[in-house]
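If you want the building blocks of each chain, they are given just below.
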Amino acid sequence: MIATAALPPGSRIGILGGGQLGRMIAIAAAELGYRCHIFCPEAEAPAADVAAAWTQAGYDDEAALRAFAGAVDVITLEFENIPVGSVAFLATLKPVRPGAEVLRITQDRLLEKDFARALGLGTAPYAPVGSEGEAAEAAAAIPGRAVLKTRRFGYDGKGQRLIAAEGERAGAIREAWAEMGGAPCILEGFVDFRCEISVIAARGPDGAIATFVPVENRHRAQILDLTIAPARLPASLLQEAEEMARRIAGRLDLCGTVAVEMFLGRDGRLLVNELAPRVHNSGHWTIEACLTSQFQQHVRAICGLPLGSTARHADATMRNLIGHDADAWAEILRDPANRLHLYGKSETRPGRKMGHVTRLLPLGAGGDLADF
Ligand code: AMP
């Protein structure tokens, strides 16, 4: 537990990463009177459009990192693949929340799964694949259908190959591994899940934790398409999922936000799939449906303010606008029940998250949604 004084409104928050998550953190921070300074290498930064300051520089540019740290009071991130060394360097200058150790674990699927298992939480069966020998061992250890994933830098299904249950599996794994450039990988047993859910937890510097209700996530082409809040599951499972997220946030000694993605297996077991040490796409519905949004909660956590109530006053659905989906903005706005968010990205590319639409439902109505 870190004993710290709260950073008062008016302080400056540095955000590593310039995407839409940073944009929505900066908007929430502004509502509480903070000023945000974005640091990212990209020439276009949706977050910088709504922030007080922006540094465009590489994460390995020490002089730029030093100047950035000098210009802010606390540093956070909206993107977990920031080099751990850069975060450790920044931490010698200003508090970085979450810190380098949280990133070290959550940047690596193997460490992440080891971490979940050490907490006694379920995961898909997994084995490392970092050599031809390990490919054969993994084939034997994980029979049946499986997924080979790069340990690092995978998102939205990138860096993944399906391995069929039949045939010469060790050879198929070796081949897929070579196609992935021989990068360190893990082989995961394929989970025949009933649904995918996620839970977002925020933890303050004093160890206080607050979770949002678990939500159900539907993917299209491995990119999040639809979130249904809350997940249409029995209360006991919702509670269990929240408890798992609390334990993860506590054991990580997190200051900030973590999103825990889980599978609900056909056997009723919850398995941890992935941890993201930041605000998350599946939490966007909280902007309209909860007393405190995930973005404001994150700002509260990193600034040492009391965490807000995560109670929801409505159920909700959130649909991502991917690529040219966002071209329909005028039509979307014509339906007064739609709450449209656009991220201000100038170039539309297939698979690119351009915005999202939230629709509120009366409390309790989410459970009656047809299986759409
Ligand atoms: P990930 O990048 O690990 O979140 O994977 C992206 C998506 O691929 C997940 O949301 C699932 O829909 C699917 N997926 C990943 N791992 C598995 C698995 N072990 N079994 C079944 N589906 C998976």
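Remember, it's a predicted structure, so these values are computed and weren't measured experimentally. (Residues numbered from 1 in each chain as written. Predicted model: local features only at pLDDT ≥ 70, side-chain atom pairs only at ≥ 80, totals over all residues. Heavy atoms only, no water.)

One open sheet accounts for four strands, arranged β3-β2-β1-β4; its pairing is parallel. Across the chains shown, the open sheet's two edge strands, defined by having one partner strand only, are β3 (53–56) and β4 (74–77). Between one strand axis and the next, the sheet turns by 20° as a mean value, whatever way the strands run. Of the pairings in the sheet, the one linking strand β1 (residues 12–16) to β4 comprises four bridges and is parallel in character. For Ile-15, the partnering residue across the bridge sits in β4 and is Thr-76. (Pairing = 2+ DSSP bridges. Helix = DSSP H or I, 4+ residues; strand = E, 2+ residues; numbered from the N terminus. Axes fitted to C-alpha atoms, helices over the stretch in contact; angles between N-to-C directions.)

This part covers the pattern of salt bridges. With the rule as written, the count across this model stands at 21 salt bridges. Its salt-bridge partner being Arg-319, residue Asp-225 comes within 3.2 Å of it at the nearest N-O pair. Of this pair, Asp-225 sits in strand β12 (residues 223–229) while Arg-319 sits in strand β15 (residues 315–322), and the two are 94 residues apart along the sequence. Residue class for Asp-225 comes out buried when judged on its relative accessible area of 10%. By relative accessible area, Arg-319 is classed as partly exposed at 37%. (Salt bridge = Lys/Arg side-chain N within 4 Å of Asp/Glu carboxyl O. Buried < 20%, exposed > 50% of the residue type's maximum accessible area, 1.4 Å probe, protein only.)

Moving on: unusual backbone geometry. The linkage connecting Arg-97 with the following residue, Pro-98, adopts the cis geometry, with an omega of 0°. The residue Pro-98 is located in the loop between α3 (84–91) and α4 (100–106) in this model. In this model, Ala-229 is joined to Pro-230 through a cis peptide bond whose omega is -5°. The phi dihedral of Asp-253 falls on the positive side, at around 55°, and the residue is not glycine. Locating Asp-253 in the fold gives a position in the loop between α8 (235–251) and β13 (256–265).

Now for the domain arrangement of the protein. Domain boundaries assigned for the protein yield domain 1 (12–106), domain 2 (125–189) and domain 3 (193–361). Between the C-alpha centres of domain 1 and domain 2 the distance comes to 34 Å. (Domains from an automatic or database assignment.)

This paragraph deals with the site of the ligand. Close contacts around the ligand come from 17 residues, with Lys-149, Gln-160, Val-191, Glu-196 and Glu-274 the closest. Within the side chain of Glu-188, one N or O atom sits 2.9 Å away from a nitrogen atom of the ligand. Interatomic distance of 3.4 Å between a side-chain N/O atom of Gln-222 and an oxygen atom of the ligand. Only β6 (146–150), β8 (185–189), β9 (193–203), β13 and β14 (270–276) provide two or more residues apiece to the shell around the ligand. When grouped by side-chain class, the residues that make up the shell around the ligand number five nonpolar, six polar and six charged. Summarising the domain contributions, the shell around the ligand has at least three residues from each of domain 2 (125–189) and domain 3 (193–361). (Near = heavy atom within 4 Å. Polar contact = N/O pair within 3.5 Å; in protein donor to acceptor, adjacent residues only side chain to side chain. Nonpolar A, V, L, I, M, F, W, Y, C, P; charged D, E, K, R; others polar.)

Strand order in the open sheet made by the four strands is β5-β8-β6-β7, with antiparallel pairing throughout. At either end of the open sheet lies a strand with only one pairing partner, and these are β5 (126–129) and β7 (160–163). Strand after strand, the sheet turns through a mean of 25° between neighbouring axes, direction not considered. Bridge analysis of β6 against β8 gives five bridges, and the strand direction is antiparallel. In the sheet register, Leu-148 faces β8, and the bridge partner there is Leu-187. Taken strand by strand, helix α5 (residues 109–118) contacts β5, β6, β7 and β8, and its axis lies near 150° from that of β5. Sitting on the sheet, helix α6 (residues 132–141) touches β5 and β8, and the angle it makes with β5 is about 165°. (Contact = heavy atoms within 4.5 Å.)

Checked against the element boundaries, Arg-220 lands in strand β11 (residues 215–220). A residue is classified by how much of its surface remains accessible, and Arg-220, at 45% relative accessible area, is partly exposed. As for Arg-220 and Gly-351, which are separated by 131 residues in sequence, their C-alpha atoms are 9.8 Å apart. Discounting residues that sit within four places of it in the chain, Arg-220 has contacts with Asp-225 and Asp-325. There is a polar contact of 3.3 Å between the side chain of Arg-220 and the side chain of Asp-225.

Counting 41 residues, the largest nonpolar core has Ile-13, Leu-16, Phe-39, Ile-75, Leu-90 and Cys-303 as the members making the most contacts within it. Among the elements that line this core, the one with the most residues is helix α1 (residues 20–31), at six residues. Of the domains in this structure, domain 1 (12–106) and domain 3 (193–361) are the two that each give at least three residues to this core. Once residues lying within four places of it in the same chain are set aside, the contact partners of Phe-39 are Ile-15, Leu-16, Gly-17, Thr-55, Ala-57, Gly-58, Tyr-59, Ala-64, Leu-65 and Phe-68. Counting 28 residues, the second largest nonpolar core, distinct from the first, contains Leu-119, Leu-237, Ala-249 and Val-258. (Core = buried A, V, L, I, M, F, W, Y, C linked by side-chain atoms within 4.5 Å.)

Between α1 and helix α10 (residues 294–303), the shortest axis-to-axis distance is 8 Å and the interhelical angle comes to 70°. Taken together, the axes of α1 and α10 are roughly perpendicular relative to one another. Handedness of the crossing formed by α1 with α10: right-handed. Only Phe-295, Gln-296, His-298 and Val-299 of α10 make contact with α1, whose side of the interface consists of Leu-21, Met-24, Ile-25, Ala-28, Ala-29 and Glu-31. Residues belonging to the contact of α1 with α10 are distributed by class as follows: seven nonpolar, two polar and one charged. (Parallel < 35°, antiparallel > 145°, perpendicular 65-115°, else oblique. Left-handed = near helix turned anticlockwise from the far one by under 90°.)

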